[in-house]
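Here is what each chain is made of, one letter per residue.
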Amino acid sequence: MPPATDFYQVLGVPRDASQEQIQQAYHKLARQYHPDLNKAPDAEERFKDISEAYSVLSDPSARARYDAFGPDFRQVPEDADPGTWRQPGAAGTASGGARRTAGSGFGAGIDLDEIFGDLFGGRRGQAWGPIPGADQEAELEVSVEEAYRGGHRTISLDRGGGARTLEVTIPPGVTSGQRIRLAGQGGSGSDGAPPGDLYLIVRIAPHPRYRVHGRDVFLDLPLTPWEAALGTSVAVDTPDAEAKVKVPGGTSSGRRLRLRGRGVPNPGGTPGDLYAEVKIMVPPKPSRKERRLFEELAATSAFDPRRQR
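Cut-offs and rules
Residues numbered from 1 in each chain as written. Predicted model: local features only at pLDDT ≥ 70, side-chain atom pairs only at ≥ 80, totals over all residues. Heavy atoms only, no water. Helix = DSSP H or I, 4+ residues; strand = E, 2+ residues; numbered from the N terminus. Buried < 20%, exposed > 50% of the residue type's maximum accessible area, 1.4 Å probe, protein only. Contact = heavy atoms within 4.5 Å. Areas by Shrake-Rupley, 256 points an atom, 1.4 Å probe, with all protein chains shown as cover. Polar contact = N/O pair within 3.5 Å; in protein donor to acceptor, adjacent residues only side chain to side chain. Phe/Tyr/Trp six-rings, centres within 6.5 Å; stacked < 30°, edge-to-face > 60°. Lys NZ or Arg CZ within 6 Å of the ring centre and 35° of its normal. Pairing = 2+ DSSP bridges. Axes fitted to C-alpha atoms, helices over the stretch in contact; angles between N-to-C directions. pLDDT = per-residue confidence, 0-100. Salt bridge = Lys/Arg side-chain N within 4 Å of Asp/Glu carboxyl O. Expected span 1.5 Å × (residues − 1).

What about the overall build of the protein chain?
Summing up its helical and strand segments, the protein chain has eight helices and eleven strands in all. Split into buried and exposed, the 309 residues of the protein chain put 37% on the buried side. Once local pairs closer than 6 in sequence are excluded, the contacts in the protein chain between residues at least 24 apart make up 51%. Summed over its atoms, the accessible surface of the protein chain is roughly 18,300 Å², and 50% of this surface lies on carbon and sulfur atoms.

Some points on the side chain of threonine 238
In this structure, threonine 238 sits in the loop between β8 (232-237) and β9 (242-247). Here alanine 241 takes part through its backbone oxygen, which lies 2.4 Å from a polar atom of the side chain of threonine 238. Once residues lying within four places of it in the same chain are set aside, the contact partners of threonine 238 are Tyr210, Ala243, Arg262 and Leu274.

Some points on the environment of leucine 221
Tracing the backbone shows leucine 221 in strand β7 (residues 216-223). Distance from leucine 221 to leucine 257, taken between C-alpha atoms, is 9.1 Å for residues 36 residues apart in sequence. Beyond its immediate chain neighbours, meaning those up to four positions away, leucine 221 contacts Val234, Val236, Val245, Val247, Leu257, Ala276, Glu277, Val278 and Lys279.

Digging into the packing of aromatic side chains
Taken as a whole, this structure holds five aromatic pairs when the rule is applied. On the numbers, 4.0 Å between centres and 10 degrees between planes, the contact of tyrosine 26 with tyrosine 54 is stacked. In this pair, tyrosine 26 sits in helix α2 (residues 19-33) while tyrosine 54 sits in helix α3 (residues 43-57), placing the two residues 28 residues apart along the sequence. Taken as a pair, tyrosine 26 and tyrosine 54 share a single burial class, namely buried. Consider the rings of phenylalanine 218 and tyrosine 275, whose centres lie 5.0 Å apart with planes at 15 degrees: the pair is stacked. With phenylalanine 218 in strand β7 and tyrosine 275 in strand β11 (residues 274-280), this pair connects stretches of sequence that are 57 residues apart. Neither phenylalanine 218 nor tyrosine 275 differs from the other in exposure class; each is buried. Put simply, the rings of Phe7, Tyr8, Tyr66 and Phe73 pair up and form one aromatic cluster. Over the ring of tyrosine 33 we find arginine 46; its NZ or CZ atom is 4.3 Å from the centre of that ring. Over the face of the ring belonging to tyrosine 199 we find arginine 179, whose NZ or CZ atom lies 4.0 Å from the ring centre.

Focus on the environment of asparagine 266
Within the element layout of this structure, asparagine 266 appears in the loop between β10 (256-259) and β11. Along the sequence, asparagine 266 and threonine 175 sit 91 residues apart, while their C-alpha atoms lie 9.3 Å from each other. Contacts of asparagine 266, omitting those with residues within four sequence positions, involve Arg215 and Pro271. Of note is the side chain of asparagine 266, whose polar atom sits 3.3 Å from the backbone oxygen of threonine 270.

Here's the deal with the sheet that holds strand β5 (residues 198-204)
One open sheet holds the three strands; their spatial order is β1-β5-β4, and the pairing between them is mixed. Two strands close off the open sheet at either side, each with one partner strand: β1 (136-142) and β4 (179-182). Neighbour-to-neighbour, the strand axes of the sheet open up by a mean angle of 30 degrees, direction not taken into account. Alignment of β4 against β5, held across four bridges, turns out to be antiparallel.

Some details on the confidence of the model for the protein chain
On average, residues of the protein chain score 80 in pLDDT, and 80% of them reach the 70 mark or higher. Contacts for the low-pLDDT stretch residues 87-128, under 50 throughout, to residues beyond four places or in other chains number 54 contacts.

Looking at the environment of threonine 238
The class of threonine 238 is buried, set by a relative accessible area of 8%. For the pair threonine 238 and leucine 274, spaced 36 residues apart in sequence, the C-alpha separation works out to 8.2 Å. One polar contact links threonine 238 to aspartate 240, side chain to side chain, over a distance of 2.6 Å.

Side note on the pattern of salt bridges
The tally for this structure, following the rule as stated, stands at 17 salt bridges. As a salt-bridge pair, arginine 179 and glutamate 137 come within 3.5 Å of each other at their nearest N and O atoms. With arginine 179 in strand β4 and glutamate 137 in strand β1, the pair connects residues that are 42 residues apart, well separated along the chain. Overall, arginine 179 belongs to the partly exposed group, its relative accessible area being 22%. One network of salt bridges, with partners in common, ties together Glu44, Glu45, Lys48 and Glu139.

Notes on α3
An ideal rise of 1.5 Å per residue puts 21 Å on 15 residues; α3 measures up with 21 Å between its terminal C-alpha atoms. Turning to α3, its buried residues are Ala43, Phe47, Ile50, Ser51, Glu52, Ala53, Tyr54, Ser55, Val56 and Leu57. Lining the buried residues of α3 we find α1 (7-11), α2, α4 (60-69), β1, β4 and β5.

Dropping the structure here:
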């Protein structure tokens, strides 16, 4: 995400938005731009931006640092004082032995030499001293089954200085946009300073059977006309175990039958739901007896679906 991007603008919320407003905005935009649903060329990039903005603004600690320091908040030492911190280059030029101070506006009159000297070891006229490594990000694609159960993965990353192999623990209940932190696996620090962290941005991989939206999971439930008309109980495979779906009589195509709590688990709260979407199927090549029975039904039934709207 470009440094100039404002996370609040990405989600379309004011800077004083509540956590509920932030969550609602994220869910709306995530559904709109999810690459599985939106095939526009820029949908995937928009979805990544939305997920990154939400991951920061939904975390009170990260949000506070972002509000204080802006898009580069990860580069600022965690013990930096928002009231005195200034990014390098924000002050006017210094000449001769004059001490540098900030200009008008935020931080006016602050002695930058004193601030930077405190932060970077007081090495005026020399290099700034030890600087912690930058945090880095990479995408981690996980299957729907891994999102349910968690797991372990060995990944290889090319970060410019050669490939690195890392062992990753995927916690149960991860969702698209969630970040997995690998402490100390980011950019290298200078002069003995600690490295940054590596954040793996989770993306749920497309699945031939399941469609995942947040923590809710959707699947198609094929039914015969008589099953839909008379009602039945059908066994379906979910990502974690087999489940029974009760189909009421008189069910039509498109109806969603909900299995509460059978969606993606949520270790810290309520799990998602699983929805079986009914699709009524007919025999592609009915036998002679099946055709005769359908003809008898057609002659007997007064039902007209085109008059039911």
